[in-house]
Amino acid sequence: MCFITVTGAGCRNTRITRTDTPTSGIATVVSDDCFGNIFGEEIDVFEALNREASLLPVLTDEAQAVQLLLNDSVRLAVLARDLTDAEKELIHSRNRELVPRSQRIAIDGIALIVNPGNRLSRISVPTLRKLMTGAAKTWRELDPSLPDTPVTVVFDSPGSSTARFIRDSVCAGALLQGNLFAQKDNRSVIEHVAKDRNALGVLGVNWISNPNDSLQLTFNRAVKVLSVSRSHPATAGSSYLPVPARLYLRDYPLTRDVYIVLTDLRGTLPAGFTHFVAGDRGQRIILKSGLVPATRPIRTVEIKETF
């Protein structure tokens, strides 16, 4: 954020005054890397509309992003969870001027991807839980028709929101175990799975959406996206792909909300950026990315292949 020092008679009367406004100034903001591509586009459009604004983005994992907020190193973060009451109180106790608040901006999904040469097309949550806790380790244990070779599970980073979601929401807090590896970011997960037939990648849906598909019904062709079923066994009728309509209806089991968490004062640049992302233009960017806008009306349309 941009500060200036106003000096009176000597150094004894030094004052620090905020110079940023909702549409001007400089501010450092952080995002979970899982939303890095959306975050970057939101900033680009916001700065194009507000020439005197400069947002300095930091991309990192969820754990580090939250820590930056708690330390007051940044005052805006894009996260796949809200702060806990204890975290909010810690921020407020360190600086009484700061009152943490959050804005839900999108509905997201955790995508499971495999190599296009892999015959697996769907998986159930109970089977996924076995894989993530080490109870199942081979492709044959996931599907009897597949080879008896080890599954390599690939995350973006150990402290990522995707790893936390799998641990908390799929494995009920159980320790993640097995043949698990972490790449440096979500893009690296895609690149790894595209080359390795034994890899199963875990990443945010927006990273594998197809920007050329206005209906957002298809994905990046470098990998194959699995359908997921809440119940076992996974069947065609019970399994869903993470397309926007299924995220909005919560049919897709691995669905989560995305928040902007703001600790700064009202009337500042971070507050102005929050208002933009939650507004019409910001929400259109989210829709284009393959996620579901959280603050705008949604209409679902059923498309039938035969009539």
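My aim in this report is to walk through the structure given alongside it, one point at a time. (Residues numbered from 1 in each chain as written. Predicted model: local features only at pLDDT ≥ 70, side-chain atom pairs only at ≥ 80, totals over all residues. Heavy atoms only, no water.)

### Overview of empty space enclosed by the protein
To keep it simple, the criterion reads: Computed over the protein atoms alone on a 1 Å grid, cavities are sets of points where a 1.4 Å probe fits but cannot get out and pockets are open sets with protein on both sides within 12 Å along at least five of seven lines; a residue lines them when it has an atom within 4 Å of a point. Grid points are joined across faces, edges and corners, and a volume is the space filled by probe spheres set on the points. For helices the rule is a DSSP run of H or I covering at least 4 residues; for strands it is a run of E covering at least 2, with both sets numbered from the N terminus onward. Side-chain classes are defined by residue name, with Ala, Val, Leu, Ile, Met, Phe, Trp, Tyr, Cys and Pro counting as nonpolar, Asp, Glu, Lys and Arg as charged, and the others, Gly among them, as polar.
Counted under the stated rule, the structure contains three cavities of 30 Å³ or more. In this structure, the largest cavity encloses a volume near 90 Å³. As for the largest cavity, its lining consists of Phe35, Ile38, Phe39, Glu42, Val78, Ile105, Ala106, Val258, Val277, Ile286 and Leu291. Contributing elements (two or more residues each) for the lining of the largest cavity: helix H1 (36-49) and strand S6 (101-114). For the lining of the largest cavity, the residue count by class is ten nonpolar, no polar and one charged. Around the second largest cavity, the lining residues are Leu131, Ala136, Lys137, Val151, Val153, Gln177, Gly178, Asn179 and Leu180.

### Topic: the packing of aromatic side chains
Threshold: Stacked, tilted and edge-to-face pairs are distinguished by plane angle, under 30 degrees for stacked and over 60 for edge-to-face with tilted covering the rest, among Phe, Tyr and Trp rings (Trp via its six-membered ring) whose centres lie within 6.5 Å. For each residue, the accessible area found with a 1.4 Å probe, counting protein chains only, is set against the maximum for its type, and the residue is called buried under 20%, exposed over 50%, and partly exposed in between.
Enumeration over the complete set of coordinates arrives at four aromatic pairs. Ring centres 6.5 Å apart and planes at 25° place the aromatic pair Phe273 and Phe276 in the stacked group. Of this pair, Phe273 and Phe276 both sit in helix H9 (residues 269-278), separated by three residues, roughly a single helical turn. You can call Phe273 buried: its relative accessible area is 1%. Among the aromatic residues, those joined into a cluster by ring pairs are Phe39, Phe46, Phe273 and Phe276.

### Quick notes on the sheet that holds strand S12 (residues 227-229)
In any sheet, the strands associate via hydrogen bonds between backbone groups, in a parallel or an antiparallel arrangement. Note the threshold: A pair of strands is considered paired only if DSSP assigns at least 2 bridges between the two. In this description, contact between two residues means that some pair of their heavy atoms is separated by no more than 4.5 Å. Fitted lines through C-alpha atoms give the axes, limited to the stretch in contact for helices. The angle between two N-to-C directions lies from 0 to 180 degrees.
Taking strand neighbours across the sheet as the criterion, the three strands line up as S7-S12-S13 in an open arrangement whose pairing is mixed. Looking at the sheet topology across the chains shown, the edges are occupied by strand S7 (122-124) and strand S13 (239-240). Pairing of S7 with S12, which is carried by three bridges, proceeds in the parallel orientation. Within the sheet, the bridge partner assigned to Ser124 lies in S12 and is Ser229. Each of S7 and S12 touches helix H4 (residues 125-132); the most contacted strand, S7, lies at about 80° to it.

### Details of helix H10 (residues 280-288)
Which entries qualify depends on this criterion: This arc describes the spread of directions from the helix axis toward the C-beta atoms.
Here H10 has its buried residues at Gly282, Gln283, Ile285 and Ile286. Buried positions in H10, seen along its axis, are confined to an arc of 150° and lie on one side of it. When the buried face of H10 is taken as reference, the exposed residues oriented beyond 90 degrees from it are Arg284 and Lys288. If you follow the buried residues of H10, they end up packed against H1, S6, H9 and strand S15 (292-293).

### Quick look at the environment of Gly272
With respect to the helices and strands, Gly272 occurs in helix H9. For Gly272 and Phe46, which are 226 residues apart along the polypeptide, the C-alpha to C-alpha distance reads 9.5 Å. The residues contacting Gly272, other than those within four sequence positions of it, are Pro22 and Phe46.

### Some remarks on the pattern of salt bridges
Here is the rule we go by: Every case where a carboxyl oxygen of Asp or Glu lies within 4 Å of a side-chain nitrogen of Lys or Arg is listed as a salt bridge.
One pass over the full model with this rule turns up twelve salt bridges. Residues Glu87 and Arg81 are paired through a salt bridge, measuring 3.0 Å at the closest nitrogen-oxygen approach. With a shortest N-O distance of 2.9 Å, Asp257 and Arg250 are connected by a salt bridge. If you follow the salt bridges from partner to partner, you end up with Asp72, Arg75 and Asp264 in one network.

### Considerations on helix H7 (residues 186-195)
Quick reminder of the rule: In protein, a polar contact means a hydrogen-donor-capable atom and an acceptor-capable atom, both N or O and within 3.5 Å, with residues adjacent in sequence counting only if both atoms are side-chain atoms; elsewhere, any N or O pair within 3.5 Å suffices.
When H7 is considered as a whole, its buried residues turn out to be Asn186, Ser188, Val189, Ile190 and Val193. On the buried face of H7, the contacting elements are S6, strand S8 (152-155) and strand S10 (199-204). Among the residues of H7, the N-terminal cap falls to Asp185, whose side-chain oxygen and the backbone nitrogen of Arg187 are separated by 3.4 Å.

### Some details on the packing of helix H2 (residues 62-70) against helix H3 (residues 85-94)
Two elements in contact, H2 and H3, have axes whose closest approach is 9 Å; the angle formed by their N-to-C orientations is 35°. Contacts between H2 and H3 involve Val66, Leu69 and Leu70 from the first element and Glu87, Leu90, Ile91 and Arg94 from the second. Along the lines of polarity and charge, the residues of the contact of H2 with H3 split into five nonpolar, no polar and two charged.

### Some words on the environment of Phe46
If you trace the backbone, Phe46 turns up in helix H1. Exposure remark for Phe46: the relative accessible area of 2% places this residue in the buried category. Between the alpha carbons of Phe46 and Val277 there is a distance of 8.6 Å; along the sequence they are 231 residues apart. For Phe46, the contacting residues outside a window of four places in its chain are Pro22, Ala53, Leu55, Leu269, Gly272, Phe273 and Phe276.

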